[in-house]
Amino acid sequence: MRIETEADVTTAVLEAMSRTPDPRVRHVTQALVRHLHAFVREIRPSEQEFEQGLEFLARIGQAMSPTHNEAVLASDVLGISTLVCLLNNGDGGATETAAALLGPFWRDNSPKTEDGGSLIRGETRGPRLMAQCRVLAGGAPVADARVDVWHSSIEGFYENQVEGAPEMNLRGQFRTNAEGRFSFFTALPAGYPIPTHGPSGDLLRAQLRHPMRPAHLHFIIHKEGFKTLVTQVFIDSDPHLDSDVVFGVTSALIGDYRRSEEPAPDGSGEDFYQLDYAFHLEPGEARLPLPPIA
Ligand code: BEZ
Ligand code: FE
């Protein structure tokens, strides 16, 4: 069709896309155009602002590397990752779910670790933690599930962020036993600022937002016949539980991390904490996420 006024553009683009054979691709791309055009009409960007917007998108791509995923970060700070997570878990967002966003730091192929084994793979400071966990579905134990665990150090960094850190420190892969249990020993994580050197950091600064995540452990629980559970368990005393920069905290995900009177069993002389936590799987498809970094 011939374009005469701004109002014609949306009709013309939707019409041009209307023959897309794949119905899902047609729906997604037409909805994208409808919403993007409505957004542009609402904010009426100047041409200079339009250039700045495109530059922002380009900088997300330019900041990507095998060890840094700026695209995940940007969708996290915009709340999109959490929205997608909640829409896909807990009956489409209607009920509380045990799921939380993946974040940019999961690495596949972390060391297979025996039940009760340690995630400390080299010199690591900070209080120690013994986590005793159970995986259930409909109240029944889920045996032989693959469980990935990863978390930050007490300095607030993942091992891939620190030059010279022990490879795969504070990461490991477990299997649940016949009772659906797995346990591991590690060093307590701290809250941390997400990486702010890229465009996502510029956005936070422009909005006067802090970059902090409350301290947490990450988990992926994968077992054929169930929806793969991607989640986090937060430390109950953290000051940022209600202002997580990526909106990941729900009440069900706050763990009861108890300080023990006993010394840490590894002879480190550090304080010792214990966590008991049960994960609940939902029916659905088992599918591991794409690793955000190598
Ligand atoms: C994380 O929990 O690892 C994370 C999530 C979102 C942004 C940055 C880090
Ligand atoms: Fe994290």
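Residues numbered from 1 in each chain as written. Chains lettered and ligands numbered in written order. Predicted model: local features only at pLDDT ≥ 70, side-chain atom pairs only at ≥ 80, totals over all residues. Heavy atoms only, no water.

Enquirer: Where do I start with the domain arrangement of the chain in this structure?
Expert: By convention, interface size is frequently given as the accessible area that disappears when the constituent parts associate. Segmenting the chain into domains produces domain 1 (6–44) and domain 2 (70–280). Relative to domain 2, the C-alpha centre of domain 1 lies at a distance of 39 Å. (Domains from an automatic or database assignment.)

Enquirer: Would you explain the side chain of S152 in this entry?
Expert: Considering the arrangement of structural elements, one finds S152 in the loop between β3 (146–151) and β4 (171–175). Overall, S152 belongs to the buried group, its relative accessible area being 0%. Of note is the side chain of S152, whose polar atom sits 2.9 Å from the backbone oxygen of A190. Residues in contact with S152, not counting those within four places in the same chain, are F157, Y158, L170, P189, A190 and Y192. (Helix = DSSP H or I, 4+ residues; strand = E, 2+ residues; numbered from the N terminus. Buried < 20%, exposed > 50% of the residue type's maximum accessible area, 1.4 Å probe, protein only. Polar contact = N/O pair within 3.5 Å; in protein donor to acceptor, adjacent residues only side chain to side chain. Contact = heavy atoms within 4.5 Å.)

Enquirer: What should I look at first to understand the environment of V245 in this one?
Expert: Along the chain, V245 turns up in the loop between β9 (229–235) and β10 (254–255). V245 gets classed as buried once you look at its relative accessible area, which sits at 3%. Note: C-alpha distance between V245 and T67 (178 residues apart in sequence) is 21 Å. Among all residues touching V245, those that are not within four sequence positions of it are D76, V77, I194, L204, R209, H210, P211, M212 and R213.

Enquirer: So what exactly am I meant to see when it comes to the sheet that holds β9 here?
Expert: Neighbouring strands of a sheet are bound in pairs by backbone hydrogen bonds; such pairs are parallel or else antiparallel. The strand order across the open sheet formed by five strands is β4-β3-β8-β9-β10, and the pairing between neighbours is mixed. At either end of the open sheet lies a strand with only one pairing partner, and these are β4 and β10. When β9 meets β10, the two strands line up parallel, connected through two bridges. Bridging from a neighbouring strand, I235 pairs with G255 of β10. (Pairing = 2+ DSSP bridges.)

Enquirer: Teacher, can you tell me more about the pairing of β4 here?
Expert: The side chains of a regular strand alternate between the sheet's two faces. Within β4, four of the five residues are buried, which leaves the element mostly enclosed by the surrounding structure. As defined by bridge partners, β3 adjoins β4 across five bridges and the pair is classed as antiparallel. The partner of V149 across the bridge, within β4, is G172.

Enquirer: I'm lost on the packing of helix α1 (residues 6–17) against helix α2 (residues 23–43) in this one. Help?
Expert: In a pair of packed helices, the angle between the axes and the distance between the axes together describe the arrangement. Running from N to C, α1 and α2 point in directions that differ by 170°, and their axes come no closer than 9 Å. By the criterion of interaxial angle, the relationship of α1 to α2 is roughly antiparallel. Each of E6, A7, V9, T10, V13, L14 and M17 in α1 lies in contact with α2, whose residues at this interface are R26, T29, Q30, V33, R34, H37 and R41. (Axes fitted to C-alpha atoms, helices over the stretch in contact; angles between N-to-C directions. Parallel < 35°, antiparallel > 145°, perpendicular 65-115°, else oblique.)

Enquirer: What is the right way to read the coordination of the iron ion (ligand 2) from this model?
Expert: Six octahedral donors around a metal ideally make angles of 90 or 180 degrees; four tetrahedral donors ideally make 109.5 degrees. The iron ion (ligand 2) binds to the protein through Y158 (OH), Y192 (OH), H216 (NE2) and H218 (NE2); the donor distances cover 1.8 to 2.1 Å. Around the iron ion (ligand 2) sit six donor atoms, and with donor-metal-donor angles ranging over 55 to 163° the site reads as irregular. Spacing between the donor residues of the iron ion (ligand 2) along the chain follows Y-x33-Y-x23-H-x1-H. Neither residue differs from the other here; H216 and H218 are each classed as buried. (Donors = N, O, S within 2.8 Å, 3.2 Å for Na, K, Ca; no water. Tetrahedral: all angles 85-135°; square planar, octahedral: opposite > 155°, others 65-115°.)

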